[in-house]
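# Results of the structural survey
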Amino acid sequence: MTRSAHAGMPNVHQGPVVLRTLVEWLAQDGVISREEADRTIARCAQAESRQHPLVRLANVAITGAADGRPLDLERLTEWLAGRAGLPYLRIDPLKVDVGKVADVMSAAYAERHKVLPVQVGPTEVIVATAEPFIADWVAEVERQSRRQVRRVVANPIEIHRYTAEFFALARSVRAAQKAGGQAAATSFEQLVELGRSNRQLDANDQSVVQVVDWLWQYAFDQRASDIHLEPRREQGVIRFRIDGVLHPAYQMPLTVMSAMIARIKLLGRMDVVEKRRPLDGRIKTRRLRPALPGAEAAGTGTAAHEEVEMRLSTLPTAFGEKMVMRIFDPDTVVKDLDALGFSTHDAARWKSLVAHPHGIILVTGPTGSGKTTTLYSTLRRVATEEVNVSTIEDPIEMIEPSFNQTQVQHQLDFGFTEGLRALMRQDPDIIMVGEIRDLDTAEMAVQAALTGHLVFSTLHTNDAPSAISRLMELGVPAYLVNATLLGVMAQRLVRTLCPHCKQPDDTVTRETLDELAAPWRVSGGTVRAYKPVGCIECRMTGYRGRTGLYELMTVSESFRGLLGQAPDLGALRRQAVADGMRPLRLAGLLRVAEGLTTVAEVLAATPPLQEKS
């Protein structure tokens, strides 16, 4: 009998699921063969275990009869849900209103019955369980919550994990709120009450410490690049930026959020009292990277700790102090060029460019396009024991032991120009300037290149050829640009399709891409374009992760011959293409042809193509 046939029939089984029964059902439904069922029962009968039967079956890696692949915990859980005639759910913690979970039942009750509320509405509460044939708790929950219970089946490891996390967080938030009393008078509408409000919640309160610890680990687990703590009129809102898109994560009382921000400022060595002006800081912490799924439950997994850096920024708003924490992936600076999104063509040209002993190399693009990631990853590879790599940054994005990093201090009149001048006396080989913003910095960078140093820096331009006109607009003479500039790379970030759910997109053909890239030719072969679908792995967005698109312009002898006082950007662009440059949009459409991203992502992130000739 198939699983779909079972879904419409009442199941006569009552009570907890038993391993032998599950294996027999798997064989009956044709999910595994009879021989596999007999082997599994024989293997599992040799040892007792307190693990949930689904976890035990996932650990012994039984193979499906249809595809020969091991049945993992999620596939087994989904099958059991169909057997029981209940919906299957993969718990997404960002979709759970953790604050309401504890309103439905106590932690002890949830642990005793191995259930977890995952969605609470005005008239209904959705409760996840890994025991679909036990329902004696439903009536009591409906009576206590005054809501109808709708059961769903989720995997037992996630239920156990999130039960502990969600209820612990709810307890910490409630304890913090109780300790803090009434909301502190920090909003724009309550300034007249300053100094007359009730006591503030202590940033060192243990409940606040626990909430902050949870927040960080939660953000790391969700692959967040930024954490936003935002005070609103009635409550505080926490949002995570994941793959470039903000997702609501949690809501909490303003008193608790204010104490959390104070706690984080304290750890970041920022002025806790000062809330009237923007502040910057940084924190290095450790994140817990868990073992492989299922290993922990099996008792064989070990968790590893790794350092993570976060850059902190506060801003006064109408309803209090807002904080943003930017999380820097510790693996970023050790990624190879292919992992950053470089094509084989551009990776070879970039490696050749950075091998020059002196000159200026620029990386351009808008804020958040990955310029710093590219520079750090590149510098990390050229920073050998034989060279002195020095940087001047505002702010220092990430501490890298192989660099000598210097922070701009505007309050001390120590900017990029002064920093570069000081670095020139430090016997550097390679210099990285965070950004060329004015003529003084540009002139110092030129002087450094002329005196035998390799200089990296960033600019804000739409494409690589525009960096030439930007330098001249700042006041750098054409002959100095000609003498020092080695190359310019423009870049963008686009979301990559989720490998778990993407599907072929028959509407995108080679002719479609050629039309978008006219008069360029995108692909001479078969196009493997895909479209986003959405699954639990990508939070139903269809995308998971991001990759870079690159436009690398090298300054050849022919290119230098075009650099006059008023260079023709069209001529420069045509010569750059002749020298091997691929425009950003073309680089993106090639990624579409490879099935890595979509046309919509590329069109939104890149400037239009100019004429090829």
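Because the structure is predicted, anything quoted here is derived from the model rather than measured.

## As for the overall build of the protein
Helix and strand counts for the protein stand at 24 helices and 18 strands. Of all 613 residues assigned to the protein, the portion counted as buried reaches 52%. Long-range contacts, defined as pairs at least 24 residues apart, comprise 65% of the intrachain contacts of the protein with a sequence gap of at least 6. Working note: accessible area of the protein is about 29,000 Å², and carbon and sulfur atoms make up 50% of it.

## Some details on the sheet that holds strand E2 (residues 124–129)
Read across the sheet, 3 strands follow the order E1-E2-E3 without closing on themselves; strand pairing throughout is mixed. The open sheet has two edge strands, strand E1 (115–120) and strand E3 (148–153), and neither has a second partner. Pairs of neighbouring strands in the sheet enclose a mean axial angle of 30°, with direction left out of account. Judged from the 5 bridges that link them, E1 and E2 form a sheet pairing that is antiparallel. Its bridge partner lying in E2, Leu116 is registered against Ala128. Contacting E2 and E3, helix H8 (residues 138–145) crosses the sheet at an angle of about 135° to E3.

## Notes on the environment of Thr417
Relative to the assigned elements, Thr417 resides in helix H16 (residues 416–423). A residue is classified by how much of its surface remains accessible, and Thr417, at 9% relative accessible area, is buried. With 26 residues separating them along the chain, Thr417 and Glu443 place their C-alpha atoms 8.7 Å apart. Those residues in contact with Thr417 that sit more than four places away from it in its chain are Asp438, Asp440, Thr441 and Met444.

## Let's talk about the pattern of salt bridges
Close approach of charged atoms allows side chains of opposite charge to pair. Scanning all chains against the criterion turns up 33 salt bridges. Lys100 is the partner of Asp97 in a salt bridge, and the nearest nitrogen-oxygen pair spans 3.9 Å. What makes Asp97 partly exposed here is its relative accessible area of 35%. Accessibility expressed as a relative area gives 37% for Lys100, which makes it partly exposed. With a closest N to O distance of 3.9 Å, Glu557 and Arg560 form a salt bridge. Linking Glu557 with Arg560, this pair stays in helix H21 (residues 557–560), spanning 3 residues, or about one helical turn. Through salt bridges with shared partners, a single network forms among Glu74, Arg90, Glu158 and Glu537.

## Quick notes on the nonpolar core
One recurring pattern in soluble globular proteins: nonpolar side chains tend to sit buried together. Core analysis: the biggest nonpolar cluster contains 67 residues, and Ile227, Leu229, Ile238, Phe240 and Met325 have the highest contact counts within it. Considering every element that reaches this core, the biggest residue donor is helix H10 (residues 206–221), with 9 residues. Taken together, domain 2 (98–179) and domain 3 (206–287 + 306–332) each give at least three residues to this core, which thus spans both. Residue contacts for Ile238: discarding those within four places in its chain leaves Leu215, Ile227, His228, Leu229, His247, Pro248, Ala249, Tyr250, Met252, Met257 and Met260. Grouped together as the second largest cluster of nonpolar side chains are 57 residues, Ile431, Ala464, Ile468 and Val508 included.

## Focus: the side chain of Ser145
Tracing the backbone through its elements, the reader meets Ser145 in helix H8. A relative accessible area of 8% means that Ser145 is categorised as buried. At 2.7 Å, the side chain of Ser145 forms a polar contact with the backbone oxygen of Val141. In contact with Ser145, not counting residues within four places along its chain, are Val104 and Val125.

## Overview of the confidence of the model for the protein
Averaged over every residue, the pLDDT of the protein is 85; residues scoring 70 or more account for 88%. Every residue in residues 1–10 is under pLDDT 50, and counting partners more than four places away or in other chains gives 15 contacts. Contacts from residues 182–199, a stretch scored under 50 in pLDDT, to residues over four places away or in other chains number 27 contacts.

## A look at unusual backbone geometry
Cis rather than trans, the peptide bond between Asp394 and Pro395 has omega equal to -10°. In the Ramachandran plot, Met540 falls in the positive-phi region, its phi being about 60° despite a non-glycine side chain. Position of Met540 among the secondary structure elements: in the loop between strand E17 (530–531) and strand E18 (543–554).

## Things to note about the sheet that holds strand E15 (residues 485–497)
Taken in spatial order, the 7 strands of this open sheet run E12-E11-E13-E14-E10-E15-E18, and their pairing is mixed. In this open sheet, the two strands that pair with only one neighbour each are strand E12 (404–407) and E18. Ignoring which end each strand starts from, the neighbouring axes of this sheet average 20° apart. Summarising the sheet, E15 and E18 pair through 10 bridges and their orientation is antiparallel. Note on E18: the bridge partner recorded for Arg495 is Arg546. Across the sheet, helix H15 (residues 371–382) lies against strand E10 (359–364), strand E11 (389–393), E12, strand E13 (430–433), strand E14 (454–459), E15 and E18, angled at about 170° from E14, the strand it touches most.

## Some remarks on the pairing of strand E5 (residues 236–242)
Counting buried residues along E5, 5 of its 7 residues qualify, which places the element largely inside the surrounding structure. Sheet analysis places strand E4 (residues 226–231) next to E5, joined by 6 bridges and oriented antiparallel. Within the sheet, the bridge partner assigned to Leu229 lies in E5 and is Ile238. A loop of 4 residues connects E4 with E5, the two strands running antiparallel in sequence.

## Description of the packing of helix H2 (residues 19–28) against helix H4 (residues 53–60)
Direction vectors running N to C along H2 and H4 enclose 60°, while the axes themselves pass 9 Å from each other. Classified by the interaxial angle, the pair formed by H2 and H4 is oblique. Like other packed secondary-structure pairs, H2 and H4 cross with a definite hand, here right-handed. Facing Leu19, Leu22, Val23 and Leu26 of H2, the residues of H4 in contact are Pro53, Leu54, Arg56 and Leu57.

## Concerning the state of the cysteines
Counted under the stated rule, the structure contains 0 disulfides. The thiol of Cys498 is unpaired, and the distance to the nearest cysteine sulfur, on Cys535, comes to 3.8 Å. Take Cys498: its relative accessible area is 0%, and that puts it in the buried class. Cys535 forms no disulfide, and the closest cysteine sulfur to it belongs to Cys501, at a distance of 3.7 Å.

## Digging into the packing of aromatic side chains
Two aromatic rings are characterised by how far apart their centres lie and by the angle between their planes. All chains considered together, the criterion is met by 8 aromatic pairs. Relative to Phe166, the ring of Tyr162 has its centre 5.2 Å away and its plane inclined at 15°; by these criteria the two rings are stacked. Of this pair, Tyr162 and Phe166 both sit in helix H9 (residues 156–180), separated by 4 residues, roughly a single helical turn. Ring geometry for Phe342 against Trp350: centres 6.3 Å apart, planes inclined by 35°, an arrangement best described as tilted. Classification of Trp350 by relative accessible area gives buried; the value is 1%. Ring pairing ties together the aromatic residues Trp214, Tyr218, Phe240 and Tyr250, which thus form one cluster. Taking NZ or CZ as reference, Arg495 lies 4.1 Å from the ring centre of Tyr543, over its face.

About the criteria used
- Residues numbered from 1 in each chain as written.
- Predicted model: local features only at pLDDT ≥ 70, side-chain atom pairs only at ≥ 80, totals over all residues.
- Heavy atoms only, no water.
- Helix = DSSP H or I, 4+ residues; strand = E, 2+ residues; numbered from the N terminus.
- Buried < 20%, exposed > 50% of the residue type's maximum accessible area, 1.4 Å probe, protein only.
- Contact = heavy atoms within 4.5 Å.
- Areas by Shrake-Rupley, 256 points an atom, 1.4 Å probe, with all protein chains shown as cover.
- Pairing = 2+ DSSP bridges.
- Axes fitted to C-alpha atoms, helices over the stretch in contact; angles between N-to-C directions.
- Salt bridge = Lys/Arg side-chain N within 4 Å of Asp/Glu carboxyl O.
- Core = buried A, V, L, I, M, F, W, Y, C linked by side-chain atoms within 4.5 Å.
- Domains from an automatic or database assignment.
- Polar contact = N/O pair within 3.5 Å; in protein donor to acceptor, adjacent residues only side chain to side chain.
- pLDDT = per-residue confidence, 0-100.
- Parallel < 35°, antiparallel > 145°, perpendicular 65-115°, else oblique.
- Left-handed = near helix turned anticlockwise from the far one by under 90°.
- Disulfide = S-S within 2.5 Å.
- Phe/Tyr/Trp six-rings, centres within 6.5 Å; stacked < 30°, edge-to-face > 60°.
- Lys NZ or Arg CZ within 6 Å of the ring centre and 35° of its normal.

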